[in-house]
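# Structural description and commentary
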Amino acid sequence: MSDMTSAKSEMTSAEPGMPVADNRVSAPALEMRGITKRYPGVLANDHIDLQIRPGEIHALLGENGAGKSTLMNILYGLAKPDEGDILLDGEAVQIAGPSDAIRRGINMVHQHFMLVPVLSVADNILLGDETMTNAIFMDRSEARKRIRELGQRFGFEIDPDEKVGRLSVGWQQRVEILKALYRDARILVLDEPTAVLTPQETTEIFGVLRRLRDEGHSIVFISHKLYEVLEIADRITVIRRGRVVGERVPSATNEEDLAELMVGREVQLTVDRGESHPGAPRLSVRGLNVKNDRGREVVHGVEFEVRAGEIFGIAGVAGNGQDELVEAITGLRRPSAGQITLDERDITNAEPRALHEMGVAFVPADRHRFGMVLSFPLTDNFVLNEYYEKPFARGPVRDEQAILVHANDLIERYDCRTPSATVIASTLSGGNQQKVVVAREFDGELTLLVLDQPTRGLDVGSVEFIHKQAIAKRDAGTAVLLVSAELDEVLELADRVGVMYRGRIVAVLDGRTAEREEVGLLMATGGRGGGITPVEAPVASA
Amino acid sequence: MEGLLDVPVLGLLLQLLLFLVDVLTRNGTIILALAAPLALGALCGVMNERSGVVNIGIEGMMLASAFFGWWVASVVGQMAPGQPAGIVFGITIPIVAGLLAALATGVVASLVHAWLSISLRVDQIISGTIINIVAFGVTGYVNLLLSRSSTPTGGKFVPFQPPQQLTDIPFVGWIFEMFLHQGPITMSVIVLVIVVQILLMRSRWGLRTRAVGEHPKAAETAGIDVIRLRYRNVILGGLFAGLGGAWFTLDFGSSFENGMTNGRGFIALAALIFGRWHPIGAFAAALLFAGAGSLGIAIRTSPPTGQLGDILTTIPPQLFSALPYLITIIVLAGVVGRSTPPAAVGRPYERESPA
Amino acid sequence: MITRIRRQVAVPAGAIVLAFLVGAVVLIVSSPLVTGHLDVVLPLRTYYALLQGSVLSFNAIVDTISNATPLVLVGLAVGLGFKAGLFNIGGQGQFLVGALAAAGAGAALAGASPFVAVPLALLAGVIAGAIYGFIPGFLKAYTGAHEVVTTIMLNYIALQIVGYAIAGPLRAVGASFARSNDVGNAALPAIINQGTGHEAHLGILIPVVVVPIIWWLLFRSTVGFEIRTVGANPDAARYAGMKPRRLVVLALTLGGLLAGLGGAIEILGRERYMAAAYSTNIGFDAITVALLGRAHPVGIVFGALLLGGMRAGAAAMQSQAGIPTQMIDLLQGVILFFLAAELVVRRIFRIKAAAGGGVDELQTVTRTYSGQTTAP
């Protein structure tokens, strides 16, 4: 505590009004020295050194699983380092937990927002640092006033009484940032803040971040997107497999350089998707309405077709009805109106099993929820939806031998790294778990392949692998439906891109010619504000 | 009027309605009293579940509290016999000692639940079941040993006697009777329900509790110690269960019987769900369950006369005994889908996890 | 393989040992109430009596096995629930209605040929139990009412049903207390009877048939795979084309069937009639059995033998050491406590963790507490 107060008084006594960034190059606001963290079987952080100066935006670049989040959890007191020191304004500190970190002026905006949906904006901001009228009750009216003021200062006005669950993701992010500002954050850590935003929203958030920097805040910007890091950062530290592998300034580097640092080998930044040769329409969706769990209609009159041998991408900000649309197509949810056909057979109300038997495969977004049973061995996970079919069962009797043979075959063909086919699925890494799902779903002859966020949270190697497999399926004549909130992924793979906005497909564009900004604007506004007219893109080389 | 009651079907319905009104106004006192343990159990549930811990062990907590409250009162009473009773509620030292013992029992049982379900992250329903079984075993064992020699009762609270001018007021007098002709534990329930309701919605503790029950990770990142808050809430909840237990042997009655809580801890959980995890809602649900129970008793003990009475007395009495349980099932089946529990209820919280 | 089994067994064994140590402390502390003075050897006398009544003689072993028979069946009912992610606390009620139905059918068939009467009476119990298991299953699957509360409520309701039926339509004419008529030819014949009052009836062979069937069903059949998948991850089950709702109903109905069979065996094999005041601890006992056996059919057999032995020894414990039978309830509560607090047991006995063992394997029952029904 005492080192904290002394540090603060030192700060305020230093020349006020001076442009901080230039003044304190030699005195980092935050320094992490030799941070090491081991989890069972993983060395998450291996002697990481990091220096954050006052008034800079410092990017932490690394692949999924490189150890960025672990490092930041350590900084925020959510995890204890096995070795290493944290220094704030040159003084070593022990950060006991988030409340300790907050008290020291460190705040964090997590990748998955740490907001309570059923509480109001004001309550979410107050939580943990409540403005009180007395020892027991909170002073909500004072809090509302301060929140309004803060919002105005940074250019976003927000109703403090609105329930957070009703806000769009972009606004939720602003609430997160307000929460940090309400606590007088000096050091603000943002973990993949743009993952769920449209390019336009990203630009806006970048504006807020620059303004914060100019007011003297230090910002740690965690990302794996190269162009973003180049755009926003003052300095970039690259982490690979738990180690710092390089430090760069944007003016002296480029995407290729950063990519190589990040992955450790030369990488192709885009997959070669090759020519596609679409055939006749296989999946056809007409006038589809779907309700969500609460009974509200969130998909309205959606129409599109996916042809044999093409990848149809659906881009959109998360929560615009994509989940419900995918669940309706894959038989997990009954549509309230409309028709879905596959090869001209009506599958509107078909059960998942019937779809499976028609050659429909589905890689779900949340593999832990839908895709696999974590407590089961791989063998059972490989036959999760065909356990009842020959040769895995004869009538009601399982054939354990056939199941084992099948598992070993898939493990080899899809390059799953596992000690054996009988290990429990939860012991595998995320990438290998996803390979189990991919292997099971991609195996065999398919009519329709539905990919929902197939590469979320995976390392570059796994992403490449899955993308190549998807293209191979396309070339084999499967209709591929790719749904992703990652605009880059959709633009890289899809032959045609449908943009989903508030439950409607507002435009269909050619995947090879569509511009990021154009699609982003459609994702953000549905095309009404931006002056872009939704057009049906011509199907490439029919 | 007389003629109307003889009309087929309609007359019967009218008779039923008059009987209901009669039973409810005459039995207001007993209904509120019977609602007390349910409401206290539900308050224990509020404390637990609002912070994300399922407590199926309320039944056992109340049973153990009822027993130890009774036993300690009895032992203290034997050590210091012949104490004069206090001015209000017939308070004596043994009764107060018993009350404190009941509260302490609730706290100890809650500590076990907290340790198993929060620290060891045992499945919370299994943890609660263990508490029920241990409570049943311990109280049954000691009670049987005690019953070999005669154990005198330590006495019980005496209900407050409201002035007759108040209770004799036509039409509303029964309300005064209902709320004032009660022992202290029953009377305290109304206050506790309102206090907890206000604190839950307006205080810092309430905000933090609700946040932890909905999204513990978010609460933790906002600087709240989830584990500590859950511990504190579960233990505070134990006080309510302890008070609910004391009701059985120090307020409503003055003796202990094996398994005397008779599923009321579980009915309290249903009241909690029915009341959508709000103290006031749960209290209303508790009144409903208690009302149904006392209706059953009334039909058995003082059936209405006439046609309605003939019909009601042909229904086997066991049906009325089963009524509270049946209603609980019906309420659960009818309500659950539309009543949203705290999102994180039942999920153990693990502070540190990789990536 | 052997180390795997040893690891599976180590924690339950440690929990039992610790529970008996705690029980010893309770006995010593409560000894003034038993013998009038502090008696440090009371635990020894108590446990010796317990052993005498459960394993130290042929008759004792016969009693233990007879007790274990319904426990295996109700334990399987609970265990099957666990495998499907359900906590069936309703074993008690399912057992009671099974017993009642068998008592009623048995009394009606008392004069028929045993070859007709016995199977039909058993069948009556099985059907009644299955119906009584179907109710909470249906409510869970289609309304979301959590089975823990509904099955407990049904237990209380079952008591009233028994009270009504035995005091009313099934009451034996001329009996001095409310009881049903003797089941006569529907009784399960004794296969061990030395005229000492400790006999074993044909029903003790039923688990020998049922346990392998349930094991096969769970681990070698496709339906069992579906039940286990629903238990481990209902969303994945739906994704895989299974029908979680039907499987929930199936698991609880099947459980009710087994528990009802247990009740029927108890009446037809041992009681021969049903009293209105018939009471049983089997609901709680079966939970202990299932948790001790980690919901595995073979483990449940061992759990049932332990609990059956404890119940068999309880009478000797009461008569020889003066300890109320409630001591058994207390002991099993403490066993459960240590099973749950597995970490503590492992520390004390330095047992290494077995992958996927312990109560946490069953850490699925609370997940559905919030009452979401699995969407269609």
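Computed from a predicted structure; not experimentally measured.

### Quick notes on the overall build of chain B
On a plain count of helices and strands, chain B comes out with 15 helices and zero strands. For chain B, whose C-alpha radius of gyration is 22 Å, the value lies close to the compact-globule estimate of 20 Å for 355 residues. Of the contacts formed within chain B by residues at least 6 apart in sequence, a portion of 80% connects residues at least 24 apart.

### Topic: the overall build of chain C
In terms of helices and strands, chain C carries 14 helices and two strands. A compact globule built from 376 residues would reach a C-alpha radius of gyration of about 21 Å, and chain C, at 21 Å, matches this within 12%. Principal-axis analysis of the C-alpha atoms places the extent of chain C at approximately 60 × 60 × 35 Å. In chain C, the share of contacts with a sequence separation of at least 24, taken over all contacts with a separation of at least 6, comes to 76%.

### Side note on the nonpolar core
If you look at the biggest cluster of nonpolar residues, it comprises 316 residues, and the most contacted ones within it are B:Ala39, B:Ala271, C:Ala121 and C:Leu268. Considering every element that reaches this core, the biggest residue donor is helix α10 (residues 244-271) of chain C, with 15 residues. The residues contacting B:Ala271, other than those within four sequence positions of it, are B:Leu38, B:Ala42, B:Ala282, B:Ala285, B:Ala286 and B:Phe289.

### A few points about unusual backbone geometry
For the peptide bond that leads from A:Lys390 to A:Pro391, omega is 5 degrees, which places it in the cis range. Located in the positive-phi region is A:Glu192, a residue other than glycine, with phi close to 45 degrees.

### A look at the interface of chain C and chain B
At the junction of the two partners, chain C supplies 44 residues and chain B supplies 42 residues. Taken together, the residues that form the side of chain C that touches chain B break down as 27 nonpolar, 15 polar and two charged.

### Observations regarding the confidence of the model for chain C
Residue and element names in this part refer to chain C. In the predicted model, chain C carries a mean pLDDT of 89, and the fraction of residues at 70 or more is 93%. Within chain C, the element-level pLDDT minimum falls on helix α14 (residues 342-349), averaging 79, and the maximum on helix α4 (residues 91-108), averaging 97. Predicted confidence is poor over residues 355-360, with pLDDT under 50, and the contacts of this stretch with residues over four places away or in other chains come to 17 contacts. Below pLDDT 50 for its whole length, residues 371-376 participates in 17 contacts with residues either more than four positions away or in separate chains.

### Structural notes on the interface of chain A and chain B
Contact residues are listed per partner, giving 29 residues for chain A and 21 residues for chain B. The leading source of residues in the side of chain A that touches chain B is helix α4 (residues 98-103) of chain A, at three residues. Its residues assigned to classes, the side of chain A that touches chain B comprises 19 nonpolar, seven polar and three charged.

### Some words on the environment of A:Glu303
Residues and elements named next belong to chain A. As for its position among the elements, Glu 303 is in strand β12 (residues 297-307). With 15 C-beta atoms counted inside 10 Å, the residue Glu 303 sits in the partly exposed group. Not counting chain neighbours up to four residues away, the residues in contact with Glu 303 comprise Val 285, Arg 286, Gly 287 and Ile 505.

### So, the sheet that holds strand β2 (residues 42-52) of chain A
Residue and element names in this part refer to chain A. If you walk across this open sheet you meet the four strands as β2-β1-β4-β5, and the pairing is antiparallel. Each having just a single partner strand, β2 and β5 (91-93) make up the two edges of the open sheet. Looking at each pair of strands side by side, their axes are set apart by 30 degrees on average, direction ignored. Direction of pairing for strand β4 (residues 83-88) relative to β5: antiparallel, over a ladder of three bridges. When the sheet's bridge partners are listed, Leu 88 is paired in β5 with Glu 91. Along the sheet face, helix α3 (residues 68-75) touches β1 (30-39), β2 and β4 and points at about 115 degrees away from the line of β1.

### Observations concerning the packing of α4(C) against helix α11 (residues 282-292) of chain C
Helix-helix packing is characterised by the crossing angle of the two axes and by the distance between the axes. All names here are of chain C. At a closest axis distance of 7 Å, the pairing of α4 and α11 adopts a crossing angle of 125 degrees. Judged on the interaxial angle alone, α11 and α4 are oblique. Between α4 and α11 lies a crossing whose hand is right-handed. Two secondary-structure elements touch here, α4 through Gly 91, Gln 92 and Phe 95 and α11 through Ile 282, Gly 283 and Ala 286. Considered class by class, the residues forming the contact of α4 with α11 number three nonpolar, three polar and no charged.

### Brief notes about the environment of C:Ala277
Note on placement: C:Ala277 falls in the loop between α10 and α11. Once the C-alpha coordinates of C:Ala277 and C:Val162 are considered, the two residues, 115 residues apart in sequence, prove to be 8.5 Å apart.

### A closer look at the sheet that holds strand β22 (residues 504-510) of chain A
All names here are of chain A. Pairing is mixed across the open sheet formed by six strands, whose spatial order is β16-β19-β20-β13-β21-β22. Strands with a single pairing partner mark the edges of an open sheet, and in this sheet they are β16 (360-363) and β22. For this sheet, the mean angle separating the axes of adjacent strands, direction not counted, is 20 degrees. Note that strand β19 (residues 448-452) and strand β20 (residues 479-484) share five bridges and pair parallel. Looking across to β20, one finds that Leu 451 is bridged to Leu 482.

### Let's talk about the environment of A:Ser218
All names here are of chain A. You can see Ser 218 is positioned in strand β8 (residues 218-223). A tally of 26 C-beta atoms within 10 Å means that Ser 218 is categorised as buried. Taking the C-alpha atoms as reference, Ser 218 lies 6.2 Å from Arg 186; in sequence the two are 32 residues apart. Ser 218 has contacts with Ala 29, Leu 30, Ile 52, Arg 53, Pro 54, Gly 55, Glu 56, Arg 186 and Ile 187, leaving out every residue within four places of it along the chain.

### Topic: the pairing of strand β11 (residues 281-291) of chain A
Residues and elements named next belong to chain A. Here seven bridges tie β11 to β12, and the two strands are oriented antiparallel to one another. By the bridge assignment, Val 290 is partnered in β12 with Val 299. The hairpin formed by β11 and β12 contains five residues between the paired strands, and Gly 295 there has a positive phi angle of roughly 85 degrees. Here β11 runs beside strand β14 (residues 337-342); their pairing, made up of five bridges, is antiparallel. In the strand pairing of β14, Arg 286 is matched with Gln 339.

Procedures and definitions
- Residues numbered from 1 in each chain as written.
- Chains lettered and ligands numbered in written order.
- Predicted model: local features only at pLDDT ≥ 70, side-chain atom pairs only at ≥ 80, totals over all residues.
- Helix = DSSP H or I, 4+ residues; strand = E, 2+ residues; numbered from the N terminus.
- Rg over C-alpha atoms; globule rule 2.2 N^0.38 Å.
- Contact = placed C-beta atoms within 7 Å.
- Core = buried A, V, L, I, M, F, W, Y, C linked by C-beta atoms within 7 Å.
- Buried ≥ 20, exposed ≤ 12 C-beta atoms within 10 Å, placed from the backbone.
- Nonpolar A, V, L, I, M, F, W, Y, C, P; charged D, E, K, R; others polar.
- pLDDT = per-residue confidence, 0-100.
- Pairing = 2+ DSSP bridges.
- Axes fitted to C-alpha atoms, helices over the stretch in contact; angles between N-to-C directions.
- Parallel < 35°, antiparallel > 145°, perpendicular 65-115°, else oblique.
- Left-handed = near helix turned anticlockwise from the far one by under 90°.

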